Amino acid sequence: MSKGVLVDLTKCVGCGSCMVACKMWNKLQYTRTASDKGGEASLDAENWTVVNKVETKKGNESVWRFVKNQCLHCEEPACASACFSKAIKKTKDGPVVYDANLCVGCRYCMLACPFNIPKYEWDKTFPQVRKCQMCSDRLHAGESPACVGVCPAGALTYGDRHNLLSQAREKINSDSSYIKHIYGEKEAGGTAWLYISDVPFEALGFRTNITTRPLPQYTESILSLTPAVGLGWGALLTGMYVYNRRRNEIARENKSGKDNG
Amino acid sequence: MATSDKWRFPMTPTRYVLLVLGALGMLLMVYRLVFGLGSATNLNNEWPWGLWIGFDVLTGVALAGGGYSTALLVHIMGIKKFSPIARSAMLTSLIGYLLVMAGLFMDIGRWFNFWRPFVSWGYHSVLFEVFWCISLYTMIQLLEFGEVATEKVQKRWHGIFKKIMPVLLIIGVLLPTLHQSSLGSLYVIEVGKLYPLWWSMLLPVFFLMSSFFVGPAMVTVETMLAGRAHGHKVDLGVLQSLIKVSGYMMLVYLVMKVVDLVYRGAAGLVFQGNLEGNMFLLEMVAGIIIPIIICFSPKLRASKGGLVTFGVLVVAGVIINRMNVVFTGMSGFMGGFYFPSVIEWLVSIGLIAIGVLGYLFVVENFNILPKHRHGRATDSNVPAEDKGAVKYSV
Ligand code: SF4
Ligand code: SF4
C-alpha cells in the first residue's frame, strides 16, 4: 500500500518541531547559510524540510500561514525518471529514495523535479544529492515519518494515500473555509504528500500551474520512438550507402581505368 | 607515400599562447577534480547546470555535428564534390567530441562513478541515451580516424580499417542523429519551467535539425580559417553548394518553428519586448533569417564575405539558441543568480585551446586537407606552415 502524509495548513502553528525531528532522525547539520524556519527558509543539503512563514490576506484580514515544504514523493517521480544510473527510485511503500553509491552527480534530477526539491552538497569534493527520504526505513518498519510523530498541532496525518485523499475530500467539502483543492492529488500526476488549505495555494508559494500529466510520460513518449527511428534510419542509411557504392562502381567500370581523381 | 614519417609541429606565437591557455586549463581541471564543483564553479542549488553543460556539452555537441552531416553527404549519399572537406570536417568533429567528453567529466560531481550508467541502466532517462550515444560515437569516430592514422603509423592495420569503414560510417551517422535530438529531449521534462518560446514537444526535432544545418556553417568557417593558416586555396564552389544544404534545412526549420509557436499559442510572446522575447528574436533573425537571405541570393552566396558571414551567423545562432534554452529560458523559473566563475571560463577556454592545438597537429601530420592546386615551390622551401597541405587521397 502506498503511504502518504496529509498536511492541513490551517492547523500548523509554525513551531518547527517537524524540522527539528527531521534533523535529529537524519543527523543533519544546522547550517548558518540557509535558515530552516521563517520567511526566507529554504531547502538545502542539510535542510530536508523547512517551515515557511507566509504573510497573506484572507478576505480583508492579514493572516500568517506556515507552510511545511519537503519532497512530495511523487507517484511517478520526474527525478527518478531523469536519473540515468537508477540512483533515485520510488519504493513500494511510497518514498522516493536516493542511493549515493549509484549517483554520478549529473544533477539532472534537480532540473527535472517540478517542485525544485533535490539539493546538492556544493561544498564537498564528492557531493551527494540530498532531499527528504520520507524516513523510508521507519516506514518500512511500520512507523510514521519522524516529522509526523512530533507535530503537536495535528497538522500532519500519516496513512494510506487513498485513505488520506478521501479524508481530505471530506474535510474540504464539509467545511466551507477550505479551498476546494487538494494539492498533490493531481499535480505532476499525483504526489504522496497532500495539502489542504484555507488560503489559495498560489498565495502560499505553491507552484500551481503544474501539469497533471505525470512528467515521465513526456519523455517516455519520445524515448519510445528511439528503437523505431534508430532501426528505420539505420536501414535507410545502409540502403543509401550500398546503392551509391554500386552506382559509383558502375560509373567507374564504364570509365574503365579513369578513376580516383 | 603521401605523408612523410617525420613528425612536425612548428611553434608560432599563437601556438605558445594556446599552449599556455591549455596548460592553465588542465591545471584548473585537476583543481576542480580534487576540490569539488562548489569551490571551482559558481553553480548553486538554483543553477545546477552552468557553462560546462550549457556550452561545453550542449553547444559543443551541436557544433561538432559537422562530422556526421558531412559523412552523410559524402560517404552515404555519395555526393563526391563535397569530399575535399570530408576529412577535415570529421576531424573537427572527433576533436569536438573529445572535448565534450572532457567537459562532461568536469561536470559530474561524483566522477569516480562515471561508469555507473554502463551497468546501472536508467534507460527511462534521456540522459541515459545521450550518455551511451556520445560515448559510443566518440569511440566510433576514433576508429574512423584509424583509417587516416594508419596511413602514417601502424600501416599494417590500414587494410582492416578500410574494410570496417562502411559499418563505422553508418553507425557514425546513426548515433549522432539519435543523441543530437536527445539533447533537445533533455529539456522536454522542463514542462512549465522552460519558457514557452523554447519548450516544445518538438525540441528534439529542433535540436536535430539545427545540429545538422550548423554543420556546413562550421565547415565553412573552419575551411576559411584553415585555408588562411595553411595557405591553400579554398574552393568556394564546394562551400556554396554545401551551404545550400543548410539553407533548405533552415527554411524548413523556420516554418516549423513558426507553426509550432502558433499551434501552442506562444507566438504572442515573441514581441513582448522582454528578455526572453528579445533573445528569441535575436536567435531567429541573426541566426536563421539573415543567413537564409544570404544563402538564397546568388550574389551574396558567391562572395567570400557572404560565405563567412553566413557561417559565423549560423554558428552564433545555434550557440545563442542553446544558451537560451539552458539559461534565458530557465531563468524565470529558477530564480537565483549564476555567472560562470573565472575557473569555469578558463577551463572552457583551455579545452578549446587544446582542441585547436590538436587539430593543427593532426592536420600537419596526416592526410586531412586537400592539396592546394597552385602547387608552386618544392617541398623543401615551402614555409613550414604550408607543408601541412598534403595530398588528399580519396
Ligand atoms: S518532489 Fe521532486 S524530488 Fe520529490 S519525488 Fe517528486 S520529482 Fe522527485
Ligand atoms: S545527480 Fe545522481 S541521482 Fe541525480 S540524476 Fe544524476 S545520477 Fe541520478
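Residues numbered from 1 in each chain as written. Chains lettered and ligands numbered in written order. Predicted model: local features only at pLDDT ≥ 70, side-chain atom pairs only at ≥ 80, totals over all residues. Heavy atoms only, no water.

Participant: Explain the side chain of E276 of chain B here, please?
Facilitator: Residues and elements named next belong to chain B. Looking at where E276 falls in the secondary structure, it is placed in helix α11 (residues 275-296). The side chain of E276 sits in the buried core without any salt bridge; R264 is the nearest counter-charge, 13 Å away. When near neighbours in sequence (up to four residues on either side) are disregarded, E276 contacts Y195, L197, W198, T328, S331 and G332. (Helix = DSSP H or I, 4+ residues; strand = E, 2+ residues; numbered from the N terminus. Buried < 20%, exposed > 50% of the residue type's maximum accessible area, 1.4 Å probe, protein only. Lys, Arg positive; Asp, Glu negative; His and termini not counted. Salt bridge = Lys/Arg side-chain N within 4 Å of Asp/Glu carboxyl O. Contact = heavy atoms within 4.5 Å.)

Participant: Would you mind showing me how to read helix α1 (residues 13-35) of chain B here?
Facilitator: Counting along an α-helix, one turn takes 3.6 residues, and residues three or four places apart therefore face a common direction. All names here are of chain B. The end-to-end C-alpha separation of α1 is 33 Å, in line with the 33 Å expected for 23 residues at 1.5 Å each. The set of residues buried in α1 consists of R15, L18, G22, G25, L28, M29, R32 and L33. On its buried face, α1 is in contact with α2 (37-40), α3 (51-63), α5 (83-107) and α14 (342-365). Just downstream of α1 lies G36, where phi reads positive at about 95°. (Expected span 1.5 Å × (residues − 1).)

Participant: What is the right way to read the packing of aromatic side chains from this model?
Facilitator: Counting across every chain of the model gives 36 aromatic pairs over all chains. Centroid distance Y31 of chain B to F35 of chain B: 4.8 Å. Interplanar angle 40°. Geometry classified as tilted. With Y31 of chain B and F35 of chain B both in helix α1, this residue pair falls 4 residues apart, about one helical turn. Put simply, the rings of F84 of chain A together with F118, W121, F128, F131 and W132 of chain B pair up and form one aromatic cluster. Sitting over the ring of F206 of chain B, K257 of chain B keeps its end group 4.6 Å from the ring centre. Positioned above the aromatic ring of F207 of chain B is the side chain of R322 of chain B, whose terminal nitrogen or guanidinium carbon lies 3.8 Å from the ring centre. (Phe/Tyr/Trp six-rings, centres within 6.5 Å; stacked < 30°, edge-to-face > 60°. Lys NZ or Arg CZ within 6 Å of the ring centre and 35° of its normal.)

Participant: Quick question: what am I supposed to make of the pairing of strand β4 (residues 61-69) of chain A here?
Facilitator: Sheet faces and side chains relate simply in a regular strand, where the side chains alternate between the two faces. Two strands pair when backbone bridges link them, and strand β3 (residues 50-58) of chain A and β4 of chain A are joined in this way by 9 bridges, in the antiparallel orientation. Each residue of the ladder has a partner; that of T56 of chain A, found in β4 of chain A, is V63 of chain A. (Pairing = 2+ DSSP bridges.)

Participant: Can you walk me through a nonpolar patch on the surface in this structure?
Facilitator: Residue and element names in this part refer to chain B. On the surface, V285, I289, I290, I293 and L300 cluster together into a nonpolar patch covering about 380 Å² of accessible area. Among the elements that take part in the nonpolar patch, α11 stands out by supplying 4 residues, more than any other. With respect to the element layout, L300 can be found in helix α12 (residues 298-302). We classify L300 as partly exposed; its relative accessible area is 39%. (Patch = residues over 30% accessible without salt bridge, like charges linked within 9 Å, V, L, I, M, F, W, Y side chains within 5 Å. Areas by Shrake-Rupley, 256 points an atom, 1.4 Å probe, with all protein chains shown as cover.)

Participant: Teacher, can you tell me more about the sheet that holds β3 of chain A here?
Facilitator: Hydrogen bonds along the backbone pair up the strands of a sheet, which may run parallel or antiparallel. All names here are of chain A. Taken together, the 3 strands give an open sheet; going across it, the order is β2-β3-β4, and neighbouring strands pair in mixed fashion. Each edge of the sheet is formed by a strand with only one pairing partner; in this case those strands are β2 (37-38) and β4. Note that β2 and β3 share 2 bridges and pair parallel. Across the sheet, the residue bridging to G38 is N52, located in β3.

Participant: What is the right way to read the interface of chain B and chain A from this model?
Facilitator: When the parts of a complex come together, some accessible area is lost, and that lost area is often taken as the interface size. Each partner contributes to the interface: chain B provides 61 residues, whereas chain A provides 57 residues. Overall, the association of chain B and chain A removes approximately 5100 Å² of surface from exposure, summing both partners, and the carbon and sulfur fraction of that is 63%. Its largest share of buried area at the contact with chain A, chain B owes to N45, R110 and I189 of chain B, together 15% of the area lost on that side. Summed over the shared surface of chain B and chain A, the number is 1 salt bridge. Of the charged contacts, one joins D107 of chain B and R107 of chain A as a salt bridge, the two residues approaching to 2.4 Å between their closest N and O atoms. Every element with two or more residues in the side of chain B that touches chain A is listed here: α1, α2, α4 (66-76), α6 (116-119), α7 (126-149), α8 (158-185) and α13 (304-334) of chain B. Counting residues per element, the side of chain B that touches chain A draws most heavily on α8 of chain B, at 7 residues. For the side of chain B that touches chain A, a count of residues per class yields 38 nonpolar, 16 polar and 7 charged. (Buried area = accessible area lost by both parts, 1.4 Å probe. Nonpolar A, V, L, I, M, F, W, Y, C, P; charged D, E, K, R; others polar.)

Participant: Sorry if this is basic, but what is going on with the site of ligand 1 here?
Facilitator: Around ligand 1, a shell composed of 14 residues is seen, among which C71, C74, C79, C113 and F115 of chain A lie nearest. Of the residues belonging to the shell around ligand 1, the class tally is 12 nonpolar, 1 polar and 1 charged. (Near = heavy atom within 4 Å.)

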